[in-house]
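# Remarks on the overall topology
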Amino acid sequence: MIYMNLQRLRILITLAAFVAVCFPPTEAHGDNDMIWARLKSEDSKERDNAAALLLQERAASVKELEAIVRGYMRDGQRKGTVKTAIDLLGEFRSAYSVPLLVDTLTFGVFYKETKKPQPPEDFFPSVGALIKIGMPSIEPVLEKAKKADDEQVSRNAALVLKGVLGSTLGRKKLELDLAKESDQVKKQKLSRLLELIPQ
């Protein structure tokens, strides 16, 4: 419990630093205080404009984070940077980023300074991010698991399914998909996912 709270605090501090560095108050991004003041306006057009600006900033943040993931993914020295960017995509609940996160489902980052074992959703940051994003993650993750020959993909897909739906609903979802699936190879992979989610 303490580990998870420290983990969340680390993510929030990193997010604040990232936003401060990447989005300093400039004319291009507008004065944040002014945007928030406009959001409180009694004039609906002012509120709509302020809301649009905030959504633009969020969209720009998501694009920058995805660029960081793609740009540093193969750099073994920058795994921590990639992990932070993936964690933030999860914190932003960026359904737009699900394809990228599914592609990086088995990307792992070990922290030597961590005294306790890392939970899988921390070691595999895309697992944690997809769980936070929730329902939009389910079908893309299942599609990846049905096509992959990698046991780690199956294990991580099961973690996402269980993390979003819980064990009971996760198993029920897999049972329904198994009943509908005609391809024997895909059925086998869905059965493996079912084995990985405890009753």
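Structure report, in brief.

Reading the values: the criteria
- Residues numbered from 1 in each chain as written.
- Predicted model: local features only at pLDDT ≥ 70, side-chain atom pairs only at ≥ 80, totals over all residues.
- Heavy atoms only, no water.
- Helix = DSSP H or I, 4+ residues; strand = E, 2+ residues; numbered from the N terminus.
- Buried < 20%, exposed > 50% of the residue type's maximum accessible area, 1.4 Å probe, protein only.
- Contact = heavy atoms within 4.5 Å.
- Salt bridge = Lys/Arg side-chain N within 4 Å of Asp/Glu carboxyl O.
- Polar contact = N/O pair within 3.5 Å; in protein donor to acceptor, adjacent residues only side chain to side chain.
- Phe/Tyr/Trp six-rings, centres within 6.5 Å; stacked < 30°, edge-to-face > 60°.
- Lys NZ or Arg CZ within 6 Å of the ring centre and 35° of its normal.
- Axes fitted to C-alpha atoms, helices over the stretch in contact; angles between N-to-C directions.
- Parallel < 35°, antiparallel > 145°, perpendicular 65-115°, else oblique.
- Nonpolar A, V, L, I, M, F, W, Y, C, P; charged D, E, K, R; others polar.

## Observations concerning the overall build of the protein
Each helix and strand counted, the protein has 10 helices and zero strands in total. Mapped in sequence order, the helices and strands of the protein form the string α-α-α-α-α-α-α-α-α-α. A burial count over the protein gives 40% of its 199 residues as buried. The long-range fraction of contacts in the protein, counting pairs at least 24 apart against all pairs at least 6 apart in sequence, stands at 64%.

## Points about unusual backbone geometry
Phi angles above zero are rare outside glycine, and Arg-93 is one such case at about 55 degrees. Within the secondary structure layout, Arg-93 lies in the loop between α4 (79-91) and α5 (98-103).

## Focus: the pattern of salt bridges
All chains considered together, the criterion is met by 13 salt bridges. We note a salt bridge from Glu-151 to Arg-155, for which the minimum N-O separation is 3.4 Å. Of the two residues, Glu-151 and Arg-155 are both situated in helix α9 (residues 151-180); the distance of four residues between them amounts to about one turn of the helix. Residue Glu-151 is classed as partly exposed on the basis of its relative accessible area, which comes to 32%. Overall, the relative accessible area of 40% leaves Arg-155 in the partly exposed class. Counted as one network, the salt bridges with shared partners bring together Glu-151, Arg-155, Arg-192 and Glu-195.

## Focus on the side chain of Gln-118
With respect to the helices and strands, the residue Gln-118 is situated in the loop between α5 and α6 (120-123). A distance of 3.2 Å separates a polar atom in the side chain of Gln-118 from the backbone oxygen of Val-109. At 2.8 Å, the side chain of Gln-118 forms a polar contact with the side chain of Asp-122.

## A few points about the packing of aromatic side chains
With the rule as written, the count across this model stands at one aromatic pair. Where Phe-123 meets Phe-124, the ring centres are 4.8 Å apart and the plane angle is 85 degrees; that geometry is what we call edge-to-face. Look at Phe-123 and you get partly exposed, because its relative accessible area is 26%. Of note, Arg-78 hangs over the ring of Tyr-72, and the distance from its end group to the ring centre comes to 4.1 Å.

## Quick notes on the packing of α4 against helix α7 (residues 125-133)
Two numbers describe how α4 lies on α7: the axes approach to 7 Å, and their chain directions differ by 10 degrees. When the interaxial angle is binned, α4 and α7 end up roughly parallel. Where α4 abuts α7, its residues Lys-83, Ile-86, Asp-87, Leu-89, Gly-90 and Glu-91 lie against Pro-125, Ser-126, Ala-129, Lys-132 and Ile-133. When grouped by side-chain class, the residues that make up the contact of α4 with α7 number five nonpolar, two polar and four charged.

## Let's talk about the environment of Val-153
Mapped onto the fold, Val-153 is located in helix α9. In this structure the C-alpha to C-alpha distance between Val-153 and Thr-106, which are 47 residues apart in sequence, comes to 6.3 Å. Other than its neighbours up to four places away in sequence, Val-153 contacts Leu-105, Thr-106, Lys-144, Ala-145 and Ala-148.

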